[in-house]
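# Examining the three-dimensional arrangement
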Amino acid sequence: HLLIWRGAHPDDADRALPKAKGRTAARREGLTKAQLNVFLDAVQTCPDPARSVLLLLPFTGLRIAEAANVRKQGRAPGCLWVFAGVRGTPVTPDYIRKALKKALSGRSGMGHVTPHTLRHTFASNLAAQDVGLRRIQALLGHASIASTERYVHPTTAQLQDDVNRLDRADPVKKDG
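Note that the coordinates shown come from a computational prediction; the quantities given were computed from them, not determined experimentally. (Residues numbered from 1 in each chain as written. Predicted model: local features only at pLDDT ≥ 70, side-chain atom pairs only at ≥ 80, totals over all residues. Heavy atoms only, no water.)

The N-to-C vectors of helix H3 (residues 33-42) and helix H4 (residues 50-60) enclose an angle of 155 degrees; their axes lie 9 Å apart at closest approach. The orientation of H3 relative to H4 falls into the category roughly antiparallel. In this structure, the crossing between H3 and H4 has a hand that is left-handed. Across the interface between the two elements, Leu-36, Phe-39 and Leu-40 of H3 pack against Leu-54, Leu-55, Pro-58 and Phe-59 of H4. (Axes fitted to C-alpha atoms, helices over the stretch in contact; angles between N-to-C directions. Helix = DSSP H or I, 4+ residues; strand = E, 2+ residues; numbered from the N terminus. Parallel < 35°, antiparallel > 145°, perpendicular 65-115°, else oblique. Left-handed = near helix turned anticlockwise from the far one by under 90°. Contact = heavy atoms within 4.5 Å.)

In structure tokens, the structure reads:
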């Protein structure tokens, strides 16, 4: 962050830092605002109930299986599932994944987007709005704060803004 604060381009700063050796954990990123807009446009082509589930995920943080298995309230006759598949059974996560893959095929700049990417998008967007990590933990249903920390990814722009706050802060007054 110091290199960026001193004017280095983020890519140059990244290349200047030593890389960790050995196997590193995969870090999943959420979608940027531009990617989220492409996603929202793309899933309009999906058939229901896949479209409804996919539109729900980035704004709720639900896991795909949680969304697929939402039950209707009360003892309504007929189907028990909000998102029903064939023969009144719940829609399957695999069906939703296939619909997402088909909708995003040929869309540039999207990378590998999965329903779980949308959960990361939800968490990262909350963090960008200064929602505290403990509240994000509660919304995601994590038992451990360490799990939640893997979901929150500050952008380079957010980090730059944090560093720029030092420039706007009152200077330290020295005695003497």
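There's more to say after this.
Our focus in this paragraph is the side chain of Thr-148. Its place among the elements puts Thr-148 in helix H9 (residues 145-149). On the basis of relative accessibility, which here comes to 0%, the residue Thr-148 falls in the buried class. Contacts of Thr-148, omitting those with residues within four sequence positions, involve Leu-133, Ile-136, Gln-137, Leu-140 and His-142. (Buried < 20%, exposed > 50% of the residue type's maximum accessible area, 1.4 Å probe, protein only.)

To continue, consider the pattern of salt bridges. Within this structure, the stated rule accounts for six salt bridges. For Asp-48, the salt bridge identified is with Arg-51, shortest N-O distance 3.0 Å. A residue is classified by how much of its surface remains accessible, and Asp-48, at 43% relative accessible area, is partly exposed. Across the pair Asp-161 and Arg-165 runs a salt bridge whose closest N-O atoms are separated by 3.8 Å. With Asp-161 and Arg-165 both in helix H10 (residues 156-168), this residue pair falls four residues apart, about one helical turn. Asp-161 gets classed as partly exposed once you look at its relative accessible area, which sits at 34%. In the salt-bridge network here, residues are joined through shared partners; they are Asp-161, Asp-162 and Arg-165. (Salt bridge = Lys/Arg side-chain N within 4 Å of Asp/Glu carboxyl O.)

This next bit is on unusual backbone geometry. Asp-48 connects to Pro-49 through a cis peptide bond whose omega is 10 degrees. Note that Pro-49 resides in the loop between H3 and H4. Despite not being glycine, Asp-130 has its phi angle at roughly 65 degrees, a positive value. On the accessibility criterion, Asp-130 (68% relative accessible area) is exposed.

The next point concerns the environment of Asn-164. Within the secondary structure, Asn-164 sits in helix H10. C-alpha separation for the pair Asn-164 and Trp-5, spaced 159 residues apart in sequence, amounts to 7.5 Å.

Checked against the element boundaries, Gln-137 lands in helix H8 (residues 133-140). What makes Gln-137 buried here is its relative accessible area of 9%. Setting aside residues no more than four positions away along its own chain, Gln-137 makes contact with His-142, Ala-143, Ser-144, Ile-145 and Thr-148.

Turning next to the environment of Met-110. Structurally, Met-110 can be placed in the loop between helix H6 (93-104) and helix H7 (115-128). By relative accessible area, Met-110 is classed as buried at 6%. Those residues in contact with Met-110 that sit more than four places away from it in its chain are Leu-31, Gln-35, Val-38, Phe-39 and Leu-104.

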